[in-house]
Amino acid sequence: MPDSIADIETPWWRGAVIYQIYPRSFGDADGDGIGDLPGITAKLDHVARLGVDAIWLSPFFTSPMADFGYDVADYRDVDPIFGTLADFDALVAHAHALGLKVIIDQVYAHTSDQHDWFKQSRASRSNAYADWYVWADARSEGSPPSNWQSVFGGPAWTWDARRGQYYLHNFLKEQPQLNVHNPAVQAELLDTARFWLDRGVDGFRLDALNFAMHDPALRDNPPETKPGPRTRPFDFQRRLYNQGHADVVTFIESLQSTIDAHGVYFTVAEIGGEDADREMKLFTMPPHRLNSAYGFTYLYAPKLTADVVRAAIREWAGKPGEGWPSWAFSNHDAPRHVTRWGKAGNRDRLARLTMLLLVALRGNIFLYQGEELGLPQAHVPFERLLDPEAIANWPQTLGRDGARTPMPWTAEVPNGGFSTGDPWLPIDPAHLPLSVAEQKHDAASMLHWTQNLLSIRRASKALRHGAISIIDGPADLLMFERKADAETLLCVFNLTDRPLQAARPRDKASMLVALDDAADGEILPPLSGYIVRL
């Protein structure tokens, strides 16, 4: 029974722990080396045992896989490499039987160039789909209509001889930009959301949502003047006009209204770019917009410091009218954080510390498959790279393939138990000793540490949806409180590689959880932390 009226009114998703599954790499049931929906269904017991609230499935829709599913050719069907709609229905039914909600990706900013809509749109300037994508005439000398650059390198415009015009693509040229300004396009996208809600999904993760609308005047982006690494032409511009148009909010309100009409569902937007925090707040402003949003505060942070965490807390402190944040340290688009933030000798301890920090943050938290095992970024030789971004930027970046390699289930069988066939990406031998089977029966493993932390979070109102406030102290010592009703928790972290002075509660009985020796003495060891009741 709920403890109070407030418990009744708190939706299931507020403070939820959501486990991201990358379908190509989770479990392969048919032995072709590519993960599939039946393979996911067969492995869901592992996810349920972790104690998460929901799974998020990256795209499994019909696609030529130029961007591994984020180039959708049919929004309302399953690609044959992943299975069938019946397989999806079976997955949803099994997940629900295990108490797991199911969240799926929706990619509304662009489609595949193999989508029937685009095939018709490029055929002429006068057919019913002519304005479903972003087309524009060449400048007088034949150059593209604006100076916009694509995320994956090169101009964001490609010439199409059939139309005698350029079409916009903020990502690959195989991902033409939908004209979401068009009411007919919006109506079709809303119908797509209804289709999946009717099939039993519990919410949506909205990919690259701030790219959904552009400046119709096609104004040139100004140059970027701030210092920073620039590995792509995209990095040389301030992206003021190719994304983030104000009318995105109107579409968001229509989408949320459509979803709310079906019941209590969860919506979370992925928002990147220099204006991410403002757009995240704009897109999630109560009461009629999205439930949550997450950006790349941690996903692209080259180093984890107390200042980075404090800045994120201050940005999302729970001010009146502010939406609800979501946080992720790793996902399919970013190198695994234990490699980004750690060194070869401290990655196991860093994995444990960052899991403790993640469960202590205010907001929803996302775990990426393998994060519960402490997986580092996999090594993928250049000749085995498949991700277009990784290939284009090699060797300047770690790339995305190393975060997408197959899940290691057991070290005792070929391919780590992922598939009986040759995996689409190689399994890093360094992942095998960290497999699920190797950790499952070891009470001291990272897997059990994760299960314990998620159990603590689930049982604590303060951690799940309580307020957060920073506690002043030494610059390198991260301290904050979480509070709900009569429960107050002090969270203390040393994110550095040296010991720090930290006042200690004398009553060890008040210690909720501590990383190894973090609860002893008044010196907080490197890469350690604890949560204590006050």
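Computed from a predicted structure; not experimentally measured.

Parameters and conventions
Residues numbered from 1 in each chain as written. Predicted model: local features only at pLDDT ≥ 70, side-chain atom pairs only at ≥ 80, totals over all residues. Heavy atoms only, no water. Pairing = 2+ DSSP bridges. Helix = DSSP H or I, 4+ residues; strand = E, 2+ residues; numbered from the N terminus. Polar contact = N/O pair within 3.5 Å; in protein donor to acceptor, adjacent residues only side chain to side chain. Contact = heavy atoms within 4.5 Å. Axes fitted to C-alpha atoms, helices over the stretch in contact; angles between N-to-C directions. Buried < 20%, exposed > 50% of the residue type's maximum accessible area, 1.4 Å probe, protein only.

Visitor: Describe in detail the pairing of strand β7 (residues 157-160), supporting the description with residues and values.
Guide: Successive side chains on a regular strand alternate, one facing one side of the sheet and the next facing the other. Looking at chain direction, β7 and strand β8 (residues 165-168) are connected through four bridges and run antiparallel. Residue pairing in the sheet places Trp 159 in a bridge with Tyr 166 of β8.

Visitor: Describe the side chain of Arg 404, with residues and values.
Guide: With respect to the helices, strands and loops of the structure, Arg 404 is situated in the loop between α11 (388-393) and α12 (436-440). Within polar-contact distance, the side chain of Arg 404 engages the side chain of Asp 333 at 3.2 Å. Filtering out sequence-adjacent residues up to four positions away, Arg 404 remains in contact with Tyr 22, Ser 25, Phe 68, His 332, Asp 333, Tyr 368, Asp 387, Trp 424 and Leu 425.

Visitor: Report on unusual backbone geometry, specifying residues and quantitative values.
Guide: With omega at 5°, the peptide bond leading from Pro 286 into Pro 287 counts as cis. Looking at the secondary structure, you find Pro 287 in the loop between α7 (276-283) and β11 (292-294). One non-glycine residue with positive phi stands out, namely Leu 218, at about 55°. Positionally, Leu 218 belongs in the loop between β9 (203-206) and α6 (248-260). Unusually for a residue other than glycine, Asn 415 sits at a positive phi of about 60°.

Visitor: Can you break down the sheet that holds strand β10 (residues 266-270) residue by residue, with the values?
Guide: Spatially, the eight strands close up into a barrel ordered β1-β2-β5-β9-β10-β11-β12-β13, and their pairing is parallel. With strand direction ignored, the average angle separating the axes of adjacent strands in the sheet is 25°. As judged from the four bridges shared by strand β1 (residues 17-21) and strand β2 (residues 54-57), these two strands associate in the parallel manner. The residue bridging Tyr 19 from the neighbouring strand is Ile 55, located in β2. This element, helix α3 (residues 85-97), spans β2 and β5 (101-106) of the sheet and lies at about 140° to β5.

Visitor: Could you give an account of the environment of Gly 15, with specific residues and numbers?
Guide: Examined against the element boundaries, Gly 15 turns out to sit in the loop between α1 (5-9) and β1. Taking the relative accessible area as the measure of exposure, Gly 15 reaches 0% and is therefore buried. Dropping the residues within four chain positions of it, Gly 15 is found in contact with Trp 324, Gly 363, Asn 364, Arg 457 and Arg 464.

Visitor: Give me the environment of Ala 459: which residues, what numbers.
Guide: Within the secondary structure, Ala 459 sits in helix α13 (residues 446-459). Residue classification places Ala 459 among the exposed positions, given a relative accessible area of 70%. Through-space distance from the C-alpha of Ala 459 to that of Glu 389 is 41 Å; in sequence the pair is 70 residues apart.

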